[in-house]
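# Residue-level structural notes
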Amino acid sequence: MTGIGILGANGRMGRVLIDAAHLDANVTLVAASVREGSNWIGMDAGELAGIGKQNVEITSSLEHNAAEIDVVIDFTLPDVLEQNLAWCVKNNKAIVIGTTGLNDKQKEMLRLASTKIPIVFAANYSVGVNLMLNLVRQAAKTMGDSADIEILEAHHRFKKDAPSGTAMAIGEAIADEIGRDLNQCAVYGREGDTGERKHETIGFATVRAGDVVGEHTALFADIGERLEITHKASSRLTFAKGAITAAKWLIGKPSGLYSMQDVLGFN
Ligand code: NAD
């Protein structure tokens, strides 16, 4: 049985993670934490997630139940990544990270921590999106030199970062496959007199609206034909179940930085 500790338990993903842990017979939720001063402290995690009492008290840190935690799951904010990683390194805990919008410094923190503990980091924990990352490579290999490449994404109105981490991962996979540097060729949105499209660019377009869980399209458009590869998530449970799968997979792994592609055996 894998003991799970959830950070940011009251977040949109935190609540669904509590539910996903409950639904999986091979894991037990042993700790759930929220930010200091939160009104949820002292309440029951199951009640927070709307699934009935689970006898797991919500606290302001994972400290009180550290011994029972095998894997920490972190879907919070980039600003708290440093403190979350430091806690896991100090306590020698594996961690599954879903937080997106990390800057270069935070990515380097992740890499450094992975020399001491096992970490899975993925911008998207759904099986379909991870398959899509392989499919876009195949499309890029065949059509990438002649087609215009655009990545479109839509998310709910509360999402804080843009483009989504998944859109960036799709862009990176495509750029890597056709030997372009995404830092050089990415175009984020267009306005005014932009001139004709430069062929080597990879464009990103972002929609933020309502309660859209997450939609991504990679578009390969040539003269006379257009290929669109689209994924639509309809429930956050798909991400949460993927994160729980990653947590179970991480047990017994040596220190290192793993991806969901590793977890699913695609690498
Ligand atoms: P949210 O705003 O609903 O939740 C964020 C959580 O972080 C909250 O519980 C908040 O209290 C907690 N938090 C923030 N600051 C904190 C602090 N200082 N100390 C402790 N806790 C703190 O956001 P969300 O929709 O649940 O998304 C969270 C993250 O997960 C985002 O980065 C989002 O993009 C990402 N996400 C990733 C995937 C994936 O598959 N990788 C899927 C969905 C969301």
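Residues numbered from 1 in each chain as written. Predicted model: local features only at pLDDT ≥ 70, side-chain atom pairs only at ≥ 80, totals over all residues. Heavy atoms only, no water.

Moving on: the packing of aromatic side chains. A complete count under the given rule lists 3 aromatic pairs for this structure. Judged by centre distance (5.1 Å) and plane angle (80°), the ring pair of Trp249 and Tyr258 falls under edge-to-face. On the accessibility criterion, Trp249 (22% relative accessible area) is partly exposed. Residue placement shows Lys253 over the ring face of Trp249; its charged tip is 4.3 Å from the ring centre. (Phe/Tyr/Trp six-rings, centres within 6.5 Å; stacked < 30°, edge-to-face > 60°. Buried < 20%, exposed > 50% of the residue type's maximum accessible area, 1.4 Å probe, protein only. Lys NZ or Arg CZ within 6 Å of the ring centre and 35° of its normal.)

Its location among the elements puts His155 in strand β7 (residues 148-155). Its relative accessible area of 8% is what places His155 among the buried residues. Along the chain, His155 and Val96 lie 59 residues apart, while their C-alpha atoms are 22 Å from each other. Once you skip the residues sitting within four places of it in the chain, His155 turns out to touch Ser164, Val207, Arg208, Ala209, Val212, Val213, Gly214 and His216. (Helix = DSSP H or I, 4+ residues; strand = E, 2+ residues; numbered from the N terminus. Contact = heavy atoms within 4.5 Å.)

Applying the stated criterion across every chain yields a total of 10 salt bridges. Between Glu150 and Arg190 there is a salt bridge; the shortest N-O distance is 2.8 Å. You can see Glu150 sitting in strand β7 and its partner Arg190 sitting in the loop between β8 (186-188) and β9 (202-208), a full 40 residues away along the chain. Look at Glu150 and you get buried, because its relative accessible area is 14%. Among the residues examined, Arg190 registers a relative accessible area of 46% and is labelled partly exposed. Its salt-bridge partner being Glu228, residue Arg226 comes within 2.9 Å of it at the nearest N-O pair. Residue Arg226 is classed as exposed on the basis of its relative accessible area of 61%. (Salt bridge = Lys/Arg side-chain N within 4 Å of Asp/Glu carboxyl O.)

Moving on, we get to the site of the ligand. Contacts to the ligand come from 21 residues, most closely from Asn10, Arg12, Met13, Thr100 and Tyr125. Within the side chain of Asn10, an N or O atom sits 2.6 Å from an oxygen atom of the ligand. Separating a nitrogen atom of the ligand from a backbone N or O atom of Gly98 is a distance of 3.1 Å. The protein chains hide 83% of the 860 Å² of surface that the ligand would expose on its own. Here the ligand occupies the largest pocket. Here the shell around the ligand spans two domains, since at least three of its residues come from each of domain 1 (2-121 + 236-263) and domain 2 (127-233). (Near = heavy atom within 4 Å. Polar contact = N/O pair within 3.5 Å; in protein donor to acceptor, adjacent residues only side chain to side chain. Areas by Shrake-Rupley, 256 points an atom, 1.4 Å probe, with all protein chains shown as cover. 1 Å grid on protein atoms, 1.4 Å probe; cavity = no way out; pocket = protein on both sides within 12 Å on 5 of 7 lines; lining within 4 Å. Sits in = over half its atoms within 2 Å of the grid points. Domains from an automatic or database assignment.)

A few words now on helix α5 (residues 127-143). The end-to-end C-alpha distance of α5, which contains 17 residues, comes to 24 Å, matching closely the 24 Å that a straight helix rising 1.5 Å per residue would cover. Where α5 is concerned, the buried positions are Val129, Asn130, Met132, Leu133, Val136, Ala139, Ala140 and Met143. Buried residues in α5 make contact with α6 (165-177), β10 (214-221), β11 (226-233) and α9 (260-263). (Expected span 1.5 Å × (residues − 1).)

Moving on: the pairing of β11. Pairing of β10 with β11, which is carried by 8 bridges, proceeds in the antiparallel orientation. Considered in β11, the bridge of Glu215 is made with Lys232. The turn joining β10 and β11, which pair antiparallel and follow one another in sequence, is formed by 4 residues; a positive phi near 100° is taken by Gly224. (Pairing = 2+ DSSP bridges.)

Time to look at the domain arrangement of the protein chain. Partitioning the protein chain into structural domains gives domain 1 (2-121 + 236-263) and domain 2 (127-233). The C-alpha-based centres of domain 1 and domain 2 are spaced at 29 Å. Contact with domain 1, which involves 9 residues of that partner, is made by 11 residues of domain 2. Between domain 1 and domain 2 the total buried area reaches about 840 Å² when both faces are included, carbon and sulfur atoms providing 49% of it. (Buried area = accessible area lost by both parts, 1.4 Å probe.)

We now examine the layout of surface pockets. Here the largest pocket defines a volume of roughly 1200 Å³. Taken together, 44 residues form the lining of the largest pocket, with Gly11, Phe75, Thr76, Leu77 and Thr99 sitting closest to its centre. It is helix α3 (residues 81-91) that contributes the most residues to the lining of the largest pocket, 3 residues altogether. Here the residues of the lining of the largest pocket sort into 15 nonpolar, 21 polar and 8 charged. Counting residues domain by domain, the lining of the largest pocket receives three or more from each of domain 1 (2-121 + 236-263) and domain 2 (127-233). Its volume calculated, the second largest pocket comes out at about 960 Å³. (Points joined across faces, edges and corners; volume = space filled by probe spheres on them. Nonpolar A, V, L, I, M, F, W, Y, C, P; charged D, E, K, R; others polar.)

Where helix α1 (residues 12-23) meets helix α8 (residues 237-250), the axes come as close as 8 Å, and the angle between the chain directions of the two elements is 60°. One way to sum up the angle between α1 and α8 is to call them oblique. Every pair of crossing elements has a handedness; the one defined by α1 and α8 is right-handed. Between α1 and α8, the residues in contact are Met13, Val16, Leu17, Asp19, Ala20, Ala21 and Leu23 and Leu237, Phe239, Ala240, Lys241, Ala243 and Ile244, respectively. Its residues assigned to classes, the contact of α1 with α8 comprises 11 nonpolar, no polar and 2 charged. (Axes fitted to C-alpha atoms, helices over the stretch in contact; angles between N-to-C directions. Parallel < 35°, antiparallel > 145°, perpendicular 65-115°, else oblique. Left-handed = near helix turned anticlockwise from the far one by under 90°.)

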